[in-house]
Amino acid sequence: MPSTQPVRFDPSVETIAPDEAETLQGLKASFQEILETTSQDYGHAVRAVHAKAHGIARGSITISEGLPPLLAQGAFAKPGRHDAVIRISTNAGDILDDSVSLPRGLALKILDVAGDRLPGSEGDTTQDFIMVNAPAFSASDPKAFGKNLKLLTKTTDRFEGVKKAMSATFRVVESALEAVGTQSATLQTLGGAKPVHPLGETYYSQTAFRYGDSIAKFALVPVSPELVALTGTLVDITTRPDALREVVRDALAEHGGTWELRVQINTDLEAMPIEDASVVWDEAISPFTTIAKLEIPAQASWEQGSSERTDDALVYSVWNGITAHQPLGGINRVRKETYELSSEFRGRFNGCPVHQPAKLSDLA
């Protein structure tokens, strides 16, 4: 029977593959190729992954009062309110027509977080969470991730018409798979994801993180009635290249939204592995528990001509945060240098170094 006791964090929970350094160099080469291709085509550098933003919104996150000691750790050790900013995106490294339907992403940045900092984020006071609308990562480990990314690199910013047609076909195949109770993360990543409304989705960290003395995954769940009503709603993406940006802007301008940030504590390293990011941690073994509430007031989440500048200045990384939430597992380890490569390239090419905001007014 799986244990119900939290697994205590120890460095030994991670196992570094002998060839991980070599795999990392391959991933960095793929990131570099994507960045060079898109920057030359656009005359402007964008992210190597999650390049297209569908909305950027400011709000606040309130850490719950009365959390038990197991949950009152790290950034959530004390109740209180922090400013926050979210960025909604899809996962491609190029700017695609929304008719190429891809997994949704949501990055959350919490400001004014105290604690010892992770390597590379010294001097900052923000805590980032990068999440996608699926409970597990599309690749099991860095090597599998590298193979997938290398394939995608060859089509970056090319063949958009083919991508649209393939996406339509893949959506049909994926729907058929889901009808019989299965699904394909690969098909979804290639354009077969359902064109769901981004604001109705639950977003997951997918990979493991230190949670003070424990280990956990995170989820951001829509809870306000207006957002819950959008769950499972499909967006018409056939003739609107920026359909997602439009529907997100309309919804947030009308009513804003509220989400709960939840945590899932690891209780069994065999059933809830650290190094295989493709494994869904069973909620029957360890359910997600609410630790904070994210509130985004009504606002325009995208304004042509100004939001692009904010997007350029923002940078998110799982390695931007405090040591109490150290990213764990191979996928997270290789994210550090690849994300740094992407942000440094953007800052250098665009002549505008990216930086972490100390307060919301620091954002463009």
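Residues numbered from 1 in each chain as written. Predicted model: local features only at pLDDT ≥ 70, side-chain atom pairs only at ≥ 80, totals over all residues. Heavy atoms only, no water.

The protein chain carries the name Catalase in an unreviewed UniProt entry, which gives Sphingomonas aurantiaca as its organism.

Draft legend 1. Structural context of helix α8 (residues 330-350). Across its 21 residues, α8 extends 31 Å between first and last C-alpha, which sits within 8% of the 30 Å expected from 1.5 Å per residue. The axis of α8 is deflected most strongly, by about 30 degrees, at Lys336. Gly351 lies just past α8 and shows a positive phi near 70 degrees. (Helix = DSSP H or I, 4+ residues; strand = E, 2+ residues; numbered from the N terminus. Expected span 1.5 Å × (residues − 1). Bend = angle between axes of the 7 residues up to and from the residue.)

Draft legend 2. View of the packing of aromatic side chains. Counted under the stated rule, the structure contains 10 aromatic pairs. A ring pair is formed by Phe345 and Phe349, whose centres lie 5.9 Å apart and whose planes are at 10 degrees; its orientation type is stacked. Linking Phe345 with Phe349, this pair stays in helix α8, spanning 4 residues, or about one helical turn. By relative accessible area, which is 9% here, Phe345 ends up buried. Residue Phe349 is classed as partly exposed on the basis of its relative accessible area of 34%. Among the aromatic residues, those joined into a cluster by ring pairs are Phe76, Phe129, Phe209, Tyr211 and Phe218. Across from the ring centre of Tyr316, 4.4 Å away, lies the NZ or CZ of Lys109, which sits over that ring. One cation-aromatic arrangement involves Arg245 over Trp302; the distance from NZ or CZ to the ring centre is 3.9 Å. (Phe/Tyr/Trp six-rings, centres within 6.5 Å; stacked < 30°, edge-to-face > 60°. Buried < 20%, exposed > 50% of the residue type's maximum accessible area, 1.4 Å probe, protein only. Lys NZ or Arg CZ within 6 Å of the ring centre and 35° of its normal.)

Draft legend 3. Fine view of the environment of Gly66. Within the secondary structure layout, Gly66 lies in the loop between β1 (53-63) and β2 (80-90). Judged by its relative accessible area of 75%, Gly66 is exposed. For the pair Gly66 and Pro79, spaced 13 residues apart in sequence, the C-alpha separation works out to 7.8 Å.

Draft legend 4. Fine view of unusual backbone geometry. If you check the backbone angles, Asp112 has positive phi at about 60 degrees while not being a glycine. Mapped onto the secondary structure, Asp112 falls in the loop between β3 (104-110) and β4 (127-132). Of note, Gln206 is a non-glycine position whose phi angle comes to about 70 degrees, a positive value. Its place among the elements puts Gln206 in the loop between β5 (203-204) and β6 (209-211).

Draft legend 5. Just the pattern of salt bridges, in detail. Overall, the coordinates contain 16 salt bridges when judged by the stated rule. With its nearest N and O atoms 2.9 Å apart, the salt bridge here joins Glu337 to Lys28. Taken as a pair, Glu337 in helix α8 and Lys28 in helix α1 (residues 20-42) lie far apart in primary sequence, 309 residues in all. One salt bridge connects Glu246 with Arg240, and the closest N-O pair in it is separated by 3.0 Å. On the basis of relative accessibility, which here comes to 26%, the residue Arg240 falls in the partly exposed class. One network of salt bridges, in which partners are shared, links Glu14, Glu20, Glu275 and Arg333. (Salt bridge = Lys/Arg side-chain N within 4 Å of Asp/Glu carboxyl O.)

Draft legend 6. Spatial organisation of the confidence of the model for the protein chain. Mean pLDDT for the protein chain: 89, with 88% of residues reaching 70 or above. Below a pLDDT of 50 lies the segment residues 158-180, which in the model reaches 47 contacts outside its immediate sequence neighbourhood of four places, other chains included. (pLDDT = per-residue confidence, 0-100. Contact = heavy atoms within 4.5 Å.)

Draft legend 7. Structural context of the environment of Tyr204. Considering the arrangement of structural elements, one finds Tyr204 in strand β5. With 17 residues separating them in the primary sequence, Tyr204 and Val221 have C-alpha atoms 8.8 Å apart. For Tyr204, the contacting residues outside a window of four places in its chain are Ile130, Met131, Val132, Asn133, Ala134, Pro135, Phe218, Ala219 and Phe288.

Draft legend 8. Representation of helix α6 (residues 243-255) within the structure. Between its first and last C-alpha, α6 extends 19 Å over 13 residues, near the 18 Å set by a 1.5 Å rise per residue. Within the sequence span of α6, burial applies to Ala243, Leu244, Arg245, Val247, Val248, Ala251 and Leu252. Structurally, α6 contributes buried residues whose contacts are with β1, β2, β3, β8 (257-265) and β9 (289-296). Gly256, located one to two residues past α6, shows a positive phi value of around 60 degrees.

Draft legend 9. Main features of the side chain of Ser39. Relative to the assigned elements, Ser39 resides in helix α1. Among residues more than four places away in sequence, those in contact with Ser39 are His44, Ala45, Phe345 and Phe349.

Draft legend 10. Quick look at empty space enclosed by the protein. Under the defined criterion, the tally for this structure stands at 3 cavities of 30 Å³ or more. Considering only enclosed or pocket space, the largest cavity measures out at about 230 Å³ in volume. Forming the boundary of the largest cavity are 17 residues, of which Arg47, Val49, Ile130, Tyr316 and Tyr339 lie nearest the centre. Among the secondary structure elements, those contributing two or more residues to the lining of the largest cavity are β2, β3, β4 and α8. At 4 residues, α8 tops the list of elements feeding residues into the lining of the largest cavity. For the lining of the largest cavity, the class distribution of residues is 9 nonpolar, 5 polar and 3 charged. Here the second largest cavity defines a volume of roughly 70 Å³. Thr90, Leu96, Asp98, Val100 and Leu102 are, among the 13 residues lining the second largest cavity, the residues nearest its centre. (1 Å grid on protein atoms, 1.4 Å probe; cavity = no way out; pocket = protein on both sides within 12 Å on 5 of 7 lines; lining within 4 Å. Points joined across faces, edges and corners; volume = space filled by probe spheres on them. Nonpolar A, V, L, I, M, F, W, Y, C, P; charged D, E, K, R; others polar.)

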